[in-house]
Amino acid sequence: MTTLLQLSGVSRHFGGLKAVSSLDLSVDRGEVIGLIGPNGAGKTTLINLITGVHPATAGTVRFAGEDVTRQQPWQAARRGIARTFQIVQPFPEMTVLENVTAAALFAGGLAYGERAEAAALEHLQFVGLADVAGKRASTLTLAMRKRLELAKGLAMNPKLLLLDEVNAGLHSTEIDHALALIRAIAARGVTILIIEHLMKVVLNLCSRIVVLHHGELIASGDPQSIVRDPRVVQAYLGRRYADASH
Amino acid sequence: MPTGVDAYWLRLGTTMLMYGVLAMSWNFIGGMAGYPSFASAAFFGLGAYAGAVAQKYGLPMVVAWSLAGAVAALFAAALGFALLRLRGHYFAIASLVVAEVLREIVNSATNLTGGGMGLNIPVPQMASIADQARFFYYAMLGVAVLAFGAVLVTQRSRLGFGLRCIQQNESAADMLGVNTTLYKVNAFILSGVFVGVAGAVYASWVHYIEPPDVFDVLYSIKPIVMVLLGGAGTLFGPLIGAALFLSLEELVWRNYLSVHTGVLGLLIVLLVLFLPKGILAFRLRRT
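All values derive from a computational prediction rather than experimental measurement.

### Regarding the overall build of chain B
Then step 1. Scanning chain B from terminus to terminus reveals 14 helices and 2 strands.
Then step 2. Seen along its three principal axes, the alpha-carbon backbone of chain B occupies a region of about 55 × 40 × 35 Å.
Then step 3. Sorting the 287 residues of chain B into buried and exposed places 53% on the buried side.
Then step 4. Pairs at least 24 residues apart make up 79% of the contacts formed inside chain B by residues separated by at least 6 positions.
Then step 5. Carbon together with sulfur atoms contributes 69% to the accessible area of chain B, which is approximately 12700 Å² in total.
Then step 6. For chain B, the centre of its 16 positive side-chain charges and the centre of its 11 negative side-chain charges are spaced 14 Å apart.

Listed below in structure tokens is the structure:
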């Protein structure tokens, strides 16, 4: 397998706060990686520095062999790095179709016109939102908005899809639906990095899990070894629990 | 058209078209991109002086007008790359001072602009005063048609779509691959170029300009009121708003000379409170 994303010694400071410090991470093409860690561990910051929202203060980010440490978010989008937001970000006054068309147009590289719209409609069918294509995005339920985010991400024709808590706030039937969607996206060969709190989702979906704690990568490995790793248990549940179980 | 129409209506028509150009232009940056610009007066005054100075040095009138448009566009591009990194209200405040700065520069560049004494623009050689009035009516109509054409093309293009995305959620637009700074600068250039030409036509029309006249802050405020009156971001909203505004202005001006600015202020307040999406919103709400 070839490396798609390579972070070397990457740090991001906000004033005196080290949100991410000297982190090394390599992602191969076709991998589905779960990124977990307690609140404030630096997971979203990590996504922000991959996509150029908050560029790294030290270290380098390489994507498909290219140094992209200093890229702008729109450049990341055009290079094939798509993300969904933890707090969904639709264009509220536009229709659902227009929302996805925008993604196909500006990041997906399609020309303005009917072809971009047709492509957008295909993605809406894939996530099951074709029925509401003509409705304004602001009228959708949270579960539908999360699916809209997925459709937008797909329309960007990504090589790497960064999913930031796409399942937060959903109930279990909706989560099963979202899981099936993400699995179908992975089957298309899209590399996925998913931030997730629900262990059910991570264990089900991911070939590898990496764990962040206080901005540092404390563990990386297959799901079964990660849940038994004492450092991970300690980060989540505290030292006492970790000692007691070993 | 206007043979035998009296001079008042011709003057009003020319003003109406000029307001239309100002409103349509503001719509690019304020309506489509959602960036409340107060730079219209700067473009207008800059265009007026560029056109007037060019004619002072012997350029033919129409060439001078085109030059004024080019100067305004270049100025908008430079200003845009500096200011449009600011978001929302910061941009509004920054754009407000631009006209003031330009006015001071023009005031002190006495050799070139005549400073506070103003500048005379050569009167075109024509058979009669009425012919002149008609000529400037058609000139302003030409500028308005160009501006309208630009609105039409923009709204049906990638640029217009990208601007709508920026207006709704700039961070999300950025994340979807819209080069937001470049798009906003383009909108700003479009909001400047036709205003610059209109300023130059205005200067030729009135034959004499001075800094407080063409850099008047009202040239920044009126287009905003017109667009809000008609409907921001829409195709016909700015034109409808300009017509409505001019009608109101004429009625109020003629009948309530001493309180007309007060009435204008009241109109703005009512507009913001009760019609934030403009007259066209009525039609949209019904469908």
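There's more to say after this.
### Examining the pairing of strand β8 (residues 191-195) of chain A
Residue and element names in this part refer to chain A.
Then step 1. Burial analysis of β8 places 5 of its 5 residues in the buried class, the great majority of the element.
Then step 2. A two-sided burial pattern is seen for β8, the buried positions comprising T191, L193 and I195 on one face and I192 and I194 on the other.
Then step 3. Looking at chain direction, strand β3 (residues 32-36) and β8 are connected through 4 bridges and run parallel. Across the sheet, residue L35 finds its bridge partner in β8, namely I195.
Then step 4. Where strand β7 (residues 160-164) and β8 come together, 5 bridges link them in parallel fashion. Opposite L163, over in β8, you have I194 as the bridge partner.
Then step 5. With respect to chirality, the unit in which β7 leads through helix α6 (residues 172-187) into the neighbouring parallel β8 is right-handed.

### A short note on the nonpolar core
Then step 1. Membership of the largest hydrophobic core comes to 146 residues, with the highest contact counts inside it found for A:L124, A:I192, A:I194, B:F188 and B:I209.
Then step 2. A per-element tally of this core places helix α9 (residues 180-206) of chain B first, with 15 residues.
Then step 3. Grouped together as the second largest cluster of nonpolar side chains are 27 residues, A:L23, A:L46, A:V61 and A:L162 included.

### Concerning the pattern of salt bridges
Then step 1. On inspection of all chains with the given rule, the structure shows 12 salt bridges over all chains.
Then step 2. Linking A:R208 and A:E31 is a salt bridge whose minimum nitrogen-to-oxygen distance equals 2.8 Å. With A:R208 in strand β9 (residues 208-213) and A:E31 in the loop between β2 (17-28) and β3, the pair connects residues that are 177 residues apart, well separated along the chain. Across this residue pair, the class does not change: A:R208 and A:E31 are buried.
Then step 3. For B:R103, the salt bridge goes to B:E100, with nearest N and O atoms at 2.6 Å. Residue B:R103 and its partner B:E100 are both found in helix α4 (residues 89-108); the two are separated by 3 residues, about one turn of the helix.
Then step 4. Since its relative accessible area comes to 31%, B:E100 is described here as partly exposed.

### Focus on the interface of chain A and chain B
Then step 1. At the junction of the two partners, chain A supplies 27 residues and chain B supplies 20 residues.
Then step 2. For the pair chain A and chain B, the summed buried area comes to about 2100 Å², and 65% of that belongs to carbon and sulfur atoms.
Then step 3. At the boundary of chain A and chain B, one finds 1 salt bridge.
Then step 4. A salt bridge links A:E98 to B:R164, with the shortest nitrogen-to-oxygen separation between them at 3.1 Å.
Then step 5. Elements with a minimum of two residues in the side of chain A that touches chain B: α2 (73-79) and α3 (96-106) of chain A.

### With respect to the layout of surface pockets
All names here are of chain B.
Then step 1. In this model, the second largest pocket occupies a volume close to 760 Å³.
Then step 2. In terms of lining residues, the second largest pocket is bounded by 26 residues, among which Y19, K222, E249, E250 and W253 are the most central.
Then step 3. Where the lining of the second largest pocket is concerned, the elements lending two or more residues are α1 (7-32), α9, α11 (218-230), α12 (237-255) and α13 (260-274).
Then step 4. The residue inventory of the lining of the second largest pocket, partitioned by class, reads 17 nonpolar, 3 polar and 6 charged.

### Observations regarding the environment of A:V232
All names here are of chain A.
Then step 1. Examined against the element boundaries, V232 turns out to sit in helix α9 (residues 230-237).
Then step 2. When its relative accessible area of 5% is taken as the criterion, V232 is described as buried.
Then step 3. A sequence separation of 125 residues divides V232 from A107, and the C-alpha atoms of the two residues are 37 Å apart.
Then step 4. Setting aside its immediate chain neighbours within four residues, V232 contacts V211, I218, A219 and I226.

### Examining empty space enclosed by the protein
Empty space left among the atoms is revealed by rolling a probe the size of a water molecule over them.
Then step 1. Considering all chains together, one arrives at 1 cavity of 30 Å³ or more under this definition.
Then step 2. As a volume, the largest cavity reaches approximately 80 Å³.
Then step 3. Contributing to the lining of the largest cavity are A:R83, A:F85, A:Q89, A:E149, A:K152, A:G153, A:M156, B:A172, B:M175 and B:L176.
Then step 4. With 3 residues, the top contributor of residues to the lining of the largest cavity is helix α5 (residues 142-155) of chain A.
Then step 5. Class assignment for the residues of the lining of the largest cavity results in 5 nonpolar, 2 polar and 3 charged.

### What to know about the packing of aromatic side chains
Then step 1. The tally for this structure, following the rule as stated, stands at 19 aromatic pairs over all chains.
Then step 2. Ring centres of B:W65 and B:F135 lie 6.2 Å apart, and the angle between their planes is 35°; on these two criteria the pair is classed as tilted. A residue pair is termed long-range when its members are at least 10 positions apart, and B:W65 in helix α3 (residues 61-83) and B:F135 in helix α6 (residues 129-155) qualify at 70 residues.
Then step 3. A connected cluster of aromatic rings, assembled from ring pairs, spans B:Y35, B:F43, B:F75, B:F91 and B:F188.
Then step 4. The positively charged end of A:K152 is found above the aromatic ring belonging to A:F91, 5.2 Å away from the centroid.
Then step 5. Across from the ring centre of A:F126, 4.1 Å away, lies the NZ or CZ of A:R188, which sits over that ring.

### Topic: the side chain of A:R83
Then step 1. Topologically, A:R83 is positioned in strand β6 (residues 81-84).
Then step 2. Exposure remark for A:R83: the relative accessible area of 8% places this residue in the buried category.
Then step 3. There is a polar contact of 2.7 Å between the side chain of A:R83 and the side chain of A:N48.
Then step 4. Residues in contact with A:R83, not counting those within four places in the same chain, are A:T44, A:I47, A:N48, A:T51, A:V53, A:L162, A:D164 and B:M175.

### As for the packing of α5(A) against α6(A)
Helix-helix packing: each pair is described by the crossing angle between the helix axes and the interaxial distance.
All names here are of chain A.
Then step 1. Running from N to C, α5 and α6 cross one another at 5°; their axes reach a closest spacing of 11 Å. In terms of orientation, α5 lies roughly parallel with respect to α6. For the pair α5 and α6, contact is made by A143, R147, L150 and L154 and by E174, H177, L181 and I185, respectively.
Then step 2. Tallied by class, the residues present in the contact of α5 with α6 amount to 5 nonpolar, 1 polar and 2 charged.

Parameters at a glance
Residues numbered from 1 in each chain as written. Chains lettered and ligands numbered in written order. Predicted model: local features only at pLDDT ≥ 70, side-chain atom pairs only at ≥ 80, totals over all residues. Heavy atoms only, no water. Helix = DSSP H or I, 4+ residues; strand = E, 2+ residues; numbered from the N terminus. Buried < 20%, exposed > 50% of the residue type's maximum accessible area, 1.4 Å probe, protein only. Contact = heavy atoms within 4.5 Å. Areas by Shrake-Rupley, 256 points an atom, 1.4 Å probe, with all protein chains shown as cover. Lys, Arg positive; Asp, Glu negative; His and termini not counted. Charge placed at Lys NZ, Arg CZ, Asp CG, Glu CD. Pairing = 2+ DSSP bridges. Right-handed = clockwise from strand over helix to strand, strands pointing away. Core = buried A, V, L, I, M, F, W, Y, C linked by side-chain atoms within 4.5 Å. Salt bridge = Lys/Arg side-chain N within 4 Å of Asp/Glu carboxyl O. Buried area = accessible area lost by both parts, 1.4 Å probe. 1 Å grid on protein atoms, 1.4 Å probe; cavity = no way out; pocket = protein on both sides within 12 Å on 5 of 7 lines; lining within 4 Å. Points joined across faces, edges and corners; volume = space filled by probe spheres on them. Nonpolar A, V, L, I, M, F, W, Y, C, P; charged D, E, K, R; others polar. Phe/Tyr/Trp six-rings, centres within 6.5 Å; stacked < 30°, edge-to-face > 60°. Lys NZ or Arg CZ within 6 Å of the ring centre and 35° of its normal. Polar contact = N/O pair within 3.5 Å; in protein donor to acceptor, adjacent residues only side chain to side chain. Axes fitted to C-alpha atoms, helices over the stretch in contact; angles between N-to-C directions. Parallel < 35°, antiparallel > 145°, perpendicular 65-115°, else oblique.

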